[in-house]
Amino acid sequence: LEDSIDGATRAIEAGTTGTELFAEEARTQLSRNAAVMGICSVVLLGFLGLWWLLARVGPLAVLMQMASMAVIIAMPAIVLVQIAVEYWQSMYGQRGYLTMTVPVRGRVLFTAKALYACAMALVAGALDLAGLVAWFAVLAHATGTTLGEVLAPLRDALTVGGPGPALATFFIVSSLVGLLTVIVEIGAVMSIGAQGRFNHLDIGAPLIGIVLLYVGNQVLALASTLLLPVSLDITTGDVVARMMLSQFLETFRTGVQPTVIGMGSVVVGPLLAGVLAWWAVRAIERHTCLR
C-alpha cells in the first residue's frame, strides 16, 4: 500500500504521461516478476543438470525430463497470473482509490498496464525459448546424438525452399499474435467485469467473463479459420484467397488432409481484442465502481 501511495504521488506530481505510468508499472512489479523468472530458471537448470547426470537411469531421467518441461510451461503462466492479480488489486481493490486519483484518462491507464503485461510476456517467452534449447540439448545428450541432429527438422523447415519457411513464419506470427491478444483480452474482461452492475458478483464477474472469453475465442477462431477466404497453401507456401471449409468437410468424407490452412484467426483475434479494449476503456472512464 505504501508503494502505491508513493507511486500515485509521483505520478500526480509529474503531470503523468503514459510513459511515466509504464515506468511506474515496471518499478512496482518488475522485481517480483524477475524473482519468479529467476527462481524458475534456477529450478529448470537444476532439473536439466540432474537429467544430464542421470541420462542412463531410465525412470529418473524421464522424471527430470517431465519436471523440466513443466517448469518451462509454468514460468510464463505464473508471471502473467502475477500481473493479472496486480492489475485487479491496483485498479479495483483498495489501491484502486489511489490509482483513480492519477490525472489521466482510463485509456492511458489501461494501455500502460497492457503494454507492461505484453512486455513481460515477451521476456518470459524469450527465457522459455532459451530453456527449450537447453532442454533439447540435454535430450540430445540423453539419446546419444547432437543438438544439431535433434533440431535438424526445424532447421530444414526454416532454410529449405517450398512451404516450410512459410509454415514456420505463420506458426511464429500466429503464436505471438495469439499470446498478445489474449493478454489484452483478459485485462479488458477484468475491467468490463468491474462495472457497478456486476458488483454483487465481486471477483466472480471477471472469472465468468474469462470463461466466456475462452469459449468465444474458440468459436470465433474455428469459424474464422474455416470461413474467411484467406488461407496458407501448405503445398506452395503461398497465401491464397480461399476458404478452408470445403477441404475441411472433404476430410471427413475421404480422409484426405487439407492442403490449405485458414488464417482468419490471426485477423479476428486482434479485432476482438480491439473491441474488448474499447469496451474496457469505456468501463474504466464511465462505469468504474470500486469495492
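Reference entry: report on the structure contained in this document. If you're wondering where the values come from, they're calculated on a predicted model, not measured in any experiment.

What counts and how
- Residues numbered from 1 in each chain as written.
- Predicted model: local features only at pLDDT ≥ 70, side-chain atom pairs only at ≥ 80, totals over all residues.
- Heavy atoms only, no water.
- Pairing = 2+ DSSP bridges.
- Helix = DSSP H or I, 4+ residues; strand = E, 2+ residues; numbered from the N terminus.
- Expected span 1.5 Å × (residues − 1).
- Buried < 20%, exposed > 50% of the residue type's maximum accessible area, 1.4 Å probe, protein only.
- Salt bridge = Lys/Arg side-chain N within 4 Å of Asp/Glu carboxyl O.

**Regarding the sheet that holds strand β1 (residues 231-233)**
Within a beta sheet, neighbouring strands are joined by backbone hydrogen bonds and run either parallel or antiparallel to one another. On the basis of which strands lie adjacent, the open sheet formed by three strands has the order β2-β1-β3 and antiparallel pairing. The open sheet has two free edges, formed respectively by β2 (239-240) and β3 (260-262), since each of these has just one partner strand. Sheet topology note: the β1/β2 ladder contains two bridges and is antiparallel. Across the sheet, the residue bridging to Ser231 is Val240, located in β2.

**Examining helix α9 (residues 204-227)**
Taking 1.5 Å of rise per residue, the 24 residues of α9 would be expected to cover 34 Å, and the 34 Å separating its terminal C-alpha atoms lies within 8% of that figure. Buried within α9 are the following residues: Gly204, Ala205, Pro206, Gly209, Leu213, Asn217, Ser224, Thr225 and Leu226.

**Looking at the pattern of salt bridges**
Applying the stated criterion across every chain yields a total of seven salt bridges. The partner of Arg95 in a salt bridge is Glu86, with the nearest N and O atoms 2.4 Å apart. Look at Glu86 and you get buried, because its relative accessible area is 5%. For Glu250, the salt bridge identified is with Arg253, shortest N-O distance 2.3 Å. Highlighted residues: Glu250 and Arg253, both in helix α10 (residues 245-254), separated by three residues, approximately one helical turn. Connected through salt bridges with shared partners, the residues Arg32, Glu86 and Arg95 form a single ionic network.

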